[in-house]
Amino acid sequence: MLKNTTTRGRSRTLTKHHKIAIGGVAALGAAALAFSAVPSSAETTTTSEAASTQHVVSGTDKVKDVKVSLTDQLAASKLKAEAIEARQKAQAEAKAEAQAKVEAAKKKTAAEAAAKKKAAAEAARKKAEAARKKAEAARKAKEAASRSAKRTAVKKTAVKSYPNNLDGWIRESLAIMKKHGIPGSYSGIHRNIMRESSGNPMAINNWDINAINGVPSKGLLQVIPPTFKAYHVPGTSWNIYDPVANITAACNYAADRYGSMDNVNSAY
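Residues numbered from 1 in each chain as written. Predicted model: local features only at pLDDT ≥ 70, side-chain atom pairs only at ≥ 80, totals over all residues. Heavy atoms only, no water.

Draft legend 1. Seen up close, the packing of helix α3 (residues 166-180) against helix α7 (residues 243-258). As a packed pair, α3 and α7 sit with axes 9 Å apart at the nearest point and diverge in direction by 50 degrees. Regarding the angle of α3 to α7, the classification is oblique. Our pair here, α3 against α7, has a crossing hand that is right-handed. Within the contact between the two elements, α3 uses Trp169, Ile170, Glu172, Ser173, Ile176 and Met177 and α7 uses Pro243, Val244, Ile247, Thr248 and Cys251. For the contact of α3 with α7, the residue count by class is eight nonpolar, two polar and one charged. (Axes fitted to C-alpha atoms, helices over the stretch in contact; angles between N-to-C directions. Helix = DSSP H or I, 4+ residues; strand = E, 2+ residues; numbered from the N terminus. Parallel < 35°, antiparallel > 145°, perpendicular 65-115°, else oblique. Left-handed = near helix turned anticlockwise from the far one by under 90°. Contact = heavy atoms within 4.5 Å. Nonpolar A, V, L, I, M, F, W, Y, C, P; charged D, E, K, R; others polar.)

Put into structure tokens, the structure is as follows:
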């Protein structure tokens, strides 16, 4: 019995069906040989041997054809399987590549979203910081304005008003004299005013030596223009007839020459 047959450079093992077919052919050959062994004429024997040889050769050719057909089918099946495997592999690789692209796109989108969120948060922070600084500046400006208003109010409150009469003129003059360190008292100023001008701020002396010399005495305390100019107190009017300016200049002169207006008891 044939077990292995080499065809087209490949060694294949026959299947069960192929073995049965080959076995059948061999049996037929054996039967033919046995038949030729039966006594008979020489012609008959010769004919039987020839027939057996013919059948054996014919069966061997069929086995070879079956073997070649089976080998071709197996080779075709293998090629088909390899083609399917290659296609499946390519599909798997394409799927993996597509999935990788999807994942990369997701990561890119997530990164862009995170960047936008971070930029928005930073912009919001800067905006809030700018608003805070603006509010702080406004608050400081408001506080400064409030302090300025308070100082102005204090200054306005500190500015004392005096009545427009002899009493008011003397009191206002004493306040200015105190600021500049000029000595004098209400009574000393009032006594000298009453002697010099009787309380008339527009009084003028046109008969004494000063008048003869062209510089008559003027105002409440009868001050000549050169003396008024020399002893004028800052913050008061430059008008010699102004009551407060006249009193303060006269008291400044008296302080320089007599120590105080309180020490003056006659023309000075």
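Draft legend 2. Here's a closer look at the pattern of salt bridges. Under the definition given, this model contains seven salt bridges. Measuring nitrogen to oxygen at the nearest pair gives 2.4 Å for the salt bridge that ties Arg139 to Glu143. Of the two residues, Arg139 and Glu143 both sit in helix α2 (residues 42-158), four residues apart, roughly one turn of that helix. By relative accessible area, Arg139 is classed as partly exposed at 37%. A salt bridge links Arg171 to Asp167; the nearest nitrogen and oxygen atoms lie 3.2 Å apart. Linking Arg171 with Asp167, this pair stays in helix α3, spanning four residues, or about one helical turn. (Salt bridge = Lys/Arg side-chain N within 4 Å of Asp/Glu carboxyl O. Buried < 20%, exposed > 50% of the residue type's maximum accessible area, 1.4 Å probe, protein only.)

Draft legend 3. Examining helix α4 (residues 186-196) more closely. Every buried residue belonging to α4 is among Gly188, Ile189, Asn192 and Ile193, and all of these are buried. Down the axis of α4, the buried set is contained in an arc of 125 degrees. They therefore lie on one face. Those residues of α4 hidden inside the fold are in contact with α3 and α7. Note on α4: the residue one or two positions beyond its end, Ser198, has a positive phi of about 60 degrees. (Arc of directions from axis to C-beta.)

Draft legend 4. Representation of the confidence of the model for the chain within the structure. Looking at the chain as a whole, its pLDDT mean stands at 80, while 72% of the residues score no less than 70. Note on residues 1-14: pLDDT under 50 across the span, and 19 contacts to partners over four residues away in sequence or across chains. Low pLDDT (under 50) marks residues 16-22, which in the prediction has six contacts with non-local residues, meaning those over four places away or in another chain. (pLDDT = per-residue confidence, 0-100.)

Draft legend 5. Spotlight on the nonpolar core. Among the nonpolar cores identified, the biggest contains 23 residues, and Ile189, Ile193, Leu221, Ile247, Cys251 and Met261 are the most heavily contacted of them. Among the elements of the structure, α3, α4 and α7 are those that each provide at least two residues to this core. If one sorts the elements of this core by residue count, α7 sits on top with seven residues. Leave out the neighbours within four places in its chain, and Cys251 touches Met177, Ile182, Ile189 and Met261. (Core = buried A, V, L, I, M, F, W, Y, C linked by side-chain atoms within 4.5 Å.)

Draft legend 6. Broad picture of the packing of α3 against α4. Packing of α3 against α4 leaves a shortest axis separation of 10 Å and a crossing angle of 130 degrees. Between α3 and α4, the angle is such that the two are oblique. Crossing of α3 against α4: the hand is right-handed. Along the contact surface, α3 presents Leu166, Asp167, Ile170, Arg171, Leu174 and Met177, while α4 presents Tyr186, Ile189, His190, Ile193 and Met194. Classifying every residue of the contact of α3 with α4 by side-chain character gives eight nonpolar, one polar and two charged.

Draft legend 7. View of α3. Given a rise of 1.5 Å per residue, 15 residues ought to cover 21 Å, and the 21 Å separating the end C-alpha atoms of α3 matches this to within 8%. Those residues of α3 that sit buried are Leu166, Gly168, Trp169, Ile170, Ser173, Ile176 and Met177. Contact partners of the buried residues in α3: α4 and α7. Backbone nitrogen of Asp167 and a side-chain oxygen of the N-cap are separated by 3.2 Å at the start of α3; the cap is Asn165. Backbone geometry just downstream of α3 places Gly181 in the positive-phi region, at approximately 75 degrees. (Expected span 1.5 Å × (residues − 1). Polar contact = N/O pair within 3.5 Å; in protein donor to acceptor, adjacent residues only side chain to side chain.)

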